[in-house]
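Results of the structural survey
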Amino acid sequence: MKLKRKYARLIIVLLAVDVLLVLLVPLLFRWDAPMFLVTADFCAVVTLSLLIPYLRMRLLLCPHCGRGVAQPYWNAGTGHEQFCVKCGQPFVFDDDPDENKN
């Protein structure tokens, strides 16, 4: 069984959105934004901060033992070889080159 690259990309995009929302907080205060915008931004940051690790634990688990978690990378590459810390098996994504598919 292979891990899906689209899930890794989803996690990366959500992390980028979370960082942007965190950086938006000081700007909202500087612009004297209405308090409901600040509250909505804060709620979105907290929600994404909890959702990202949950999705990573659910979608990027080791397909062999189900205990290790893969690092999300946007593209496949030779420098991204990863192995499960629990069972030692390689993490294989659906778009990895053939030489990495042991």
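Placed above this text is the structure.
Below you will find a few notes about this structure. (Residues numbered from 1 in each chain as written. Predicted model: local features only at pLDDT ≥ 70, side-chain atom pairs only at ≥ 80, totals over all residues. Heavy atoms only, no water.)

1. Overview of the overall build of the chain
Our working definition: Where helices and strands are cited, they refer to DSSP runs of H or I of at least four residues and of E of at least two residues respectively, numbered from the N terminus. Radius of gyration: over C-alpha atoms. The globule rule applied is 2.2 Å multiplied by the number of residues raised to the 0.38 power. Think of it in three bands: residues with accessible area under 20% of the maximum for their type are buried, residues over 50% are exposed, and the middle band is partly exposed, with areas taken using a 1.4 Å probe on protein chains only.
A count of helices and strands for the chain gives two helices and zero strands. For the chain, whose C-alpha radius of gyration is 18 Å, the value lies well above the compact-globule estimate of 13 Å for 102 residues. Taking the principal axes of its C-alpha atoms as reference, the chain extends roughly 55 × 25 × 15 Å. Here the chain holds 102 residues, and the buried ones make up 28% of them.

2. Things to note about unusual backbone geometry
Phi at Asp32 is positive, roughly 50°, even though this residue is not glycine. One can find Asp32 in the loop between α1 (5-30) and α2 (35-59).

3. Looking at the environment of Leu3
Considering the arrangement of structural elements, one finds Leu3 in the segment before α1. Judged by its relative accessible area of 4%, Leu3 is buried.

4. Let's talk about the side chain of Asp18
Quick reminder of the rule: Between two residues, a contact is recorded if the distance between any of their heavy atoms is within 4.5 Å.
One can find Asp18 in helix α1. Those residues in contact with Asp18 that sit more than four places away from it in its chain are Ala44, Val45, Leu48, Ser49 and Ile52.

5. Digging into the packing of α1 against α2
This is how it is decided: A fitted line through C-alpha atoms serves as each axis, taken over the contacting stretch for helices, and the angle formed by two N-to-C directions is quoted from 0 to 180°. Geometric relationships in this document are graded by angle, where less than 35 degrees denotes roughly parallel, more than 145 denotes roughly antiparallel, 65 to 115 denotes roughly perpendicular, and other angles denote oblique. Here a crossing is taken to be left-handed if its near helix is turned anticlockwise relative to the far helix by less than a right angle, and right-handed if that turn runs clockwise. Following the grouping adopted for this structure description, the nonpolar residues are Ala, Val, Leu, Ile, Met, Phe, Trp, Tyr, Cys and Pro, the charged ones are Asp, Glu, Lys and Arg, and the polar ones are all others, Gly among them.
Where α1 contacts α2, the two axes come as close as 9 Å, and the packing angle between them is 160°. Relative to α2, α1 is oriented roughly antiparallel. Relative to α2, the crossing made by α1 is left-handed. Taken together, the residues of the contact of α1 with α2 sort by class into 21 nonpolar, one polar and three charged.

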